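Structural features, examined
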Amino acid sequence: MKRQKRDRLERAYSKGYQAGTAGRSNEVCPFQSADSRGQWLGGWREAQESRGTGLFIK
């Protein structure tokens, strides 16, 4: 996989994780492509799990 493509997907995952830790809804995903959207949602889901275990206190 090209480095450029990998970086874009890693960034989408990171942005999704940040949105999840902030408590934002998964409906606010800014990505349209399936790959990027999937990565964003994966990061969002992981952040939700982390919040559920008490890792982030708001």
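See above for the structure.
The text that follows walks through the structure, step by step, so that each part is easy to find.

Procedures and definitions
- Residues numbered from 1 in each chain as written.
- Predicted model: local features only at pLDDT ≥ 70, side-chain atom pairs only at ≥ 80, totals over all residues.
- Heavy atoms only, no water.
- Core = buried A, V, L, I, M, F, W, Y, C linked by side-chain atoms within 4.5 Å.
- Buried < 20%, exposed > 50% of the residue type's maximum accessible area, 1.4 Å probe, protein only.
- Helix = DSSP H or I, 4+ residues; strand = E, 2+ residues; numbered from the N terminus.
- Contact = heavy atoms within 4.5 Å.
- Expected span 1.5 Å × (residues − 1).

One finds Ala12, Ala19, Cys29, Phe31, Trp40, Leu41 and Trp44 forming the largest nonpolar core, which totals seven residues. Every element with two or more residues in this core is listed here: helix 1 (3-21) and helix 2 (34-52). If we ignore the near neighbours within four places in the chain, the residues touching Cys29 are Arg37 and Trp40.

Right, let's get into helix 2. Taking 1.5 Å as the rise per residue, helix 2 with 19 residues should run 27 Å; its terminal C-alpha atoms sit 26 Å apart, in good agreement. Taken together, the buried positions of helix 2 are Ser36, Trp40, Leu41, Gly43, Trp44, Ala47 and Ser50. Just past helix 2, the residue Gly54 takes up positive phi, approximately 90°.

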